Amino acid sequence: MSQARRLTRSTPVSACEGLLAFEPLLVGLDTDVVEILRRAAVRPSTRLIGVVDDDRRLVGVLPIRDLVEAVVARVMPEALMTDVTDVDDLARFGHVVGSRTAVDVMQPPAAVVRSSTIARAFREMQRRGLSGVYVVDETERPIGYLDALELAYQAVLGQPLPGTPGEVPTGDATSGSD
């Protein structure tokens, strides 16, 4: 029988390795946003895409909502114009419509190191309004990904998210009602 393990605020990120099932999705700076959308569609659980440079260092992140907005702006710009109410909105809309590659849409990197605590990872996610953070090595190369939903589920229930590869069935399949 597998014992449930709850994460605490002082749990180091390194202790999560092997507990969380979401794999990082990494793209290059010049990757077209439609290609990124295709890659993300194959892995719908990924909500934050990492952007890496030619040396594979994390240089930015791309939330799914920003990716979708950039792609929709290409094919249905009028769908996004409903939110344009002032000059600042117009400038943002112009930037989104002109976005073609990851570098056009990405935000600054969101990362923690293996020795960081789970509390630090959650603070970074909340501060930035992101659904995850990347785990990087000493050279800023991504070595893992922490998803907020998956991490919260593990922290509260001590179990992997239902439907993920690390899921442990909760109950005896032979004891169901007839």
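Quantities reported herein were computed from a predicted structural model and do not represent experimental measurements.

Student: How should I be thinking about the overall build of the protein chain in this particular structure?
Tutor: A count of helices and strands for the protein chain gives seven helices and six strands. Of the regular secondary structure in the protein chain, the N- to C-terminal order runs β-α-β-β-α-α-α-α-β-α-β-β-α. The 178 residues of the protein chain split such that 38% are buried. Once local pairs closer than 6 in sequence are excluded, the contacts in the protein chain between residues at least 24 apart make up 58%. Approximately 10,100 Å² of the protein chain is accessible, and the part contributed by carbon and sulfur atoms is 54%.

Student: Teacher, can you tell me more about the sheet that holds strand E6 (residues 142-147) here?
Tutor: The mixed open sheet is built from three strands, whose spatial order is E4-E5-E6. The open sheet has two edge strands, strand E4 (111-113) and E6, and neither has a second partner. Going across the sheet, the axis of each strand differs from the next one's by a mean of 35°, ignoring polarity. The sheet contact formed by E4 and strand E5 (residues 132-136) spans three bridges and is parallel. Pairing of Val112 across the sheet is with Val135, part of E5.

Student: It is not clear to me how the sheet that holds strand E3 (residues 58-63) should be interpreted in this structure. Could you clarify?
Tutor: Backbone-to-backbone hydrogen bonds pair the strands of a sheet. The strands run either parallel or antiparallel. Strand order in the open sheet formed by three strands is E1-E2-E3, with mixed pairing between adjacent strands. Of all the strands in the sheet, just strand E1 (26-28) and E3 have a single pairing partner and so form its edges. In this sheet, neighbouring strand axes are inclined to one another by 35° on average, regardless of whether the strands run parallel or antiparallel. Where E1 and strand E2 (residues 48-52) come together, three bridges link them in parallel fashion. Its bridge partner being in E2, Val27 is matched across the sheet by Val51.

What counts, and where the lines are drawn
- Residues numbered from 1 in each chain as written.
- Predicted model: local features only at pLDDT ≥ 70, side-chain atom pairs only at ≥ 80, totals over all residues.
- Heavy atoms only, no water.
- Helix = DSSP H or I, 4+ residues; strand = E, 2+ residues; numbered from the N terminus.
- Buried < 20%, exposed > 50% of the residue type's maximum accessible area, 1.4 Å probe, protein only.
- Contact = heavy atoms within 4.5 Å.
- Areas by Shrake-Rupley, 256 points an atom, 1.4 Å probe, with all protein chains shown as cover.
- Pairing = 2+ DSSP bridges.
- Axes fitted to C-alpha atoms, helices over the stretch in contact; angles between N-to-C directions.

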